[in-house]
Amino acid sequence: MAIEKKQKSKSKKRSHVVLTSHSNQIFKKSLPINWGARDPMERGPVVATVSNKQNRNAIGSHSGSYTVYRALSIAAGQFPEDHAPDLENTDPTVSIEPSETWFQPERIVSLDPLGADINKHFGSYLKQGYNIKPTIAVTYAHLSIPEVTEAIKLGRLPVDGKIVRKSHDVKVTKIAIEPVWYLPGIAQRVGIDEGELRKVLFTETGGMFPELVTRPDLKLLLPPIGSTTAYVFGDVHNLKKPGVELTCRVHDECNGSDVFGSDICTCRPYLTYGIEDAARTAQRGGVGIVVYFRKEGRALGEVTKFLVYNARKRQPGGDSAATYFHRTECVAGVQDARFQELMPDVLHYFGIQKIDHLHSMSNMKYDAIVGSGIKVMNRLSIPEELIPADAQVEIEAKKAAGYFTDGKVKKGEELKTVVGRSIKEDS
Ligand SMILES: [Zn+2]
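Criteria and cut-off values
- Residues numbered from 1 in each chain as written.
- Predicted model: local features only at pLDDT ≥ 70, side-chain atom pairs only at ≥ 80, totals over all residues.
- Heavy atoms only, no water.
- Helix = DSSP H or I, 4+ residues; strand = E, 2+ residues; numbered from the N terminus.
- Rg over C-alpha atoms; globule rule 2.2 N^0.38 Å.
- Buried < 20%, exposed > 50% of the residue type's maximum accessible area, 1.4 Å probe, protein only.
- Contact = heavy atoms within 4.5 Å.
- Areas by Shrake-Rupley, 256 points an atom, 1.4 Å probe, with all protein chains shown as cover.
- Lys, Arg positive; Asp, Glu negative; His and termini not counted.
- Charge placed at Lys NZ, Arg CZ, Asp CG, Glu CD.
- 1 Å grid on protein atoms, 1.4 Å probe; cavity = no way out; pocket = protein on both sides within 12 Å on 5 of 7 lines; lining within 4 Å.
- Points joined across faces, edges and corners; volume = space filled by probe spheres on them.
- Nonpolar A, V, L, I, M, F, W, Y, C, P; charged D, E, K, R; others polar.

A. Broad picture of the overall build of the protein chain. Of regular secondary structure, the protein chain possesses 18 helices and 10 strands. Taking 2.2 N^0.38 as the reference for a compact globule, 427 residues should give roughly 22 Å; the C-alpha atoms of the protein chain span a radius of gyration of 24 Å, in line with that estimate. Taken over the C-alpha atoms alone, the protein chain extends approximately 65 × 50 × 50 Å along its principal axes. In the protein chain, which comprises 427 residues, the proportion classed as buried is 48%. Sequence separation of 24 or more characterises 72% of the internal contacts of the protein chain that already satisfy a separation of 6 or more. With the model as given, the accessible surface of the protein chain reaches about 20,900 Å², and the carbon-plus-sulfur share is 55%. Averaging the coordinates of the 57 positive side-chain charges in the protein chain and doing the same for the 51 negative ones gives two points 4 Å apart.

Dropping the structure here:
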């Protein structure tokens, strides 16, 4: 009976819905955004919380894809929907100081550089009762990774007691970054008209955010996608100093390999070797950064990725480096949907001007970084011995397709001889 009553009151409460596209929703109380403005008060805070709808100046809501789980918790009555965060003691453990790139509206378009220090930049608005939430959080951590321990045992990475501890854990600063898209800047990056971008985003998400097409005055979108995490080894403030040696790995999520150690690709070895080399750079007075992007399966998702694995292994002749990219294109429609042009924004957030050692084979990543104005001195691929046997198909196919390598590139008939395990061998 009590539950019935609760459900009744809940459905009553929600029976009246005002569409966000309704003209009454354009309130004068929402603060204007002047993207790239130097003075935070002139730039304006990003208000994407839903507690006071009349204050909102952004489309979408916080927490990326988790916003849907938040909605479920609220729907189930387990989460007070008018909750305003108590931000006491949540300030960054280290402050990311502004760089000139913060004030170039076209340079950073997919995150809010003011998103970490809400109390510092927008304290007066918080006192007035605006519900402003940080989109960036900075904290310290210690990483304990088997491959790093292995590198220490093999003598590749010394224990210095500062970056690498006696217990073999590695000290880092980690920075979580939620996506905040400045739509005119995103359109420019994609190379299309802003109106067209809004239309396609609206249509391709099944009409998820009507304001994309009805509210051209709202220039910001917090899209329901995964966030980005940067792991910094050594002093964060050194990232912006071109005179300090910098090692960088920009890594796209591959849950199967990164977390579970699946051996069909080189993702985890690339990640852990990047961490090892970033730590080593910090030990000799430089700084290392590993940025982790939630772009699973080349941003096509894990279901598509596993379908491709099966298609690769079941095709006539088996899984071969010669047909690696072709199979992805057959299943997904494209080889890659990662759109690396937004990726360098994180590097510009830290004020990075020059990378001494870039751990990546990808030309798309390299071109995006260099095209955004950051110098890259050296490109590095991982040592051969770190590549799992079944991942030879991937690595040889990438090398043959022009991915960066300082090793030998197999072509034609030779490429056909690089084969992976079959479904039968896997089962
Ligand atoms: Zn992978």
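B. Highlighting empty space enclosed by the protein. Under the criterion given, the structure shown has four cavities of 30 Å³ or more. For the largest cavity, the calculated volume is near 490 Å³. Along the wall of the largest cavity there are 28 residues; nearest its centre are Cys267, Arg298, Tyr324, Glu394 and Lys398. Of all the secondary-structure elements, those providing two or more residues to the lining of the largest cavity are strand 7 (246-252), helix 10 (267-283), helix 11 (296-299), helix 12 (302-314), helix 13 (324-332) and helix 16 (392-400). The element best represented in the lining of the largest cavity is helix 12, accounting for five residues. In terms of residue class, the lining of the largest cavity is built from 11 nonpolar, seven polar and 10 charged.

Shape is all these values report; function is a separate question.
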